[in-house]
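If you want the building blocks of each chain, they are given just below.
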Amino acid sequence: MKNIIQNINKAFDHRIRLGIMSVLMVNESADFSTLKELLGVTDGNLASHAKALEAENYIVVEKQFIGKKPNTSYKATKSGRQAFTSHIDALENLIRKT
């Protein structure tokens, strides 16, 4: 039997990264506070996992000020969307084969 986990993307191994990408796949963008609340994570956890996805060029980070308040938002890139879709396909194939 061929290695059934070879197409699973390590960038999405962690539940927080999986959650970030899941939110961004169904929304054009999401801000830091929204992601933090939806995923139930700390500031540090969210920031470090977002940074890991950004390093892979799977998301882009946009920082701006709304009034005098800083606002950070995230968007999935085209390559991030493709990689995540491939990852989900690989998981579905794994489930079907086991």
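Since this is a predicted model, take the numbers as computed values, not measurements.

Engineer: Kindly report on the sheet that holds strand β2 (residues 59–66), identifying the contributing residues and their values.
Structural biologist: The sheet built from three strands is open, its strands ordered β1-β3-β2 with antiparallel pairing. Here the strands that pair on one side only, and so sit at the sheet edges, are β1 (30–31) and β2. Here β2 runs beside strand β3 (residues 69–76); their pairing, made up of eight bridges, is antiparallel. Each bridged residue has a counterpart across the sheet, and for K63 the counterpart in β3 is T72. Where helix α1 (residues 15–26) meets the sheet, its contacts fall on β1, β2 and β3, and the angle it forms with β3 comes to roughly 85°.

Engineer: Pulling in residues and values, what's your account of the environment of S79?
Structural biologist: Along the polypeptide, S79 turns up in helix α4 (residues 78–97). S79 gets classed as partly exposed once you look at its relative accessible area, which sits at 35%. A C-alpha to C-alpha distance of 8.7 Å links S79 and I59, two positions 20 residues apart in sequence. In this view, S79 contacts N57 and Y58; residues no more than four positions away in its chain are not counted.

Engineer: Any details on the pattern of salt bridges? Residues and values, ideally.
Structural biologist: Two side chains with opposite charge may pair up if their charged atoms get near one another. Counted under the stated rule, the structure contains four salt bridges. Here E28 makes a salt bridge to K75, at a shortest N to O gap of 4.0 Å. On the criterion of sequence distance, the pair formed by E28 in the loop between α1 and β1 and K75 in strand β3 is long-range, its members being 47 residues apart. We note a salt bridge from D43 to K36, for which the minimum N-O separation is 2.6 Å. Residue D43 is classed as partly exposed on the basis of its relative accessible area of 41%. You can call K36 partly exposed: its relative accessible area is 31%. Beyond isolated ion pairs, a larger network of salt bridges with shared partners links E28, E62 and K75.

Analysis parameters
Residues numbered from 1 in each chain as written. Predicted model: local features only at pLDDT ≥ 70, side-chain atom pairs only at ≥ 80, totals over all residues. Heavy atoms only, no water. Pairing = 2+ DSSP bridges. Helix = DSSP H or I, 4+ residues; strand = E, 2+ residues; numbered from the N terminus. Contact = heavy atoms within 4.5 Å. Axes fitted to C-alpha atoms, helices over the stretch in contact; angles between N-to-C directions. Buried < 20%, exposed > 50% of the residue type's maximum accessible area, 1.4 Å probe, protein only. Salt bridge = Lys/Arg side-chain N within 4 Å of Asp/Glu carboxyl O.

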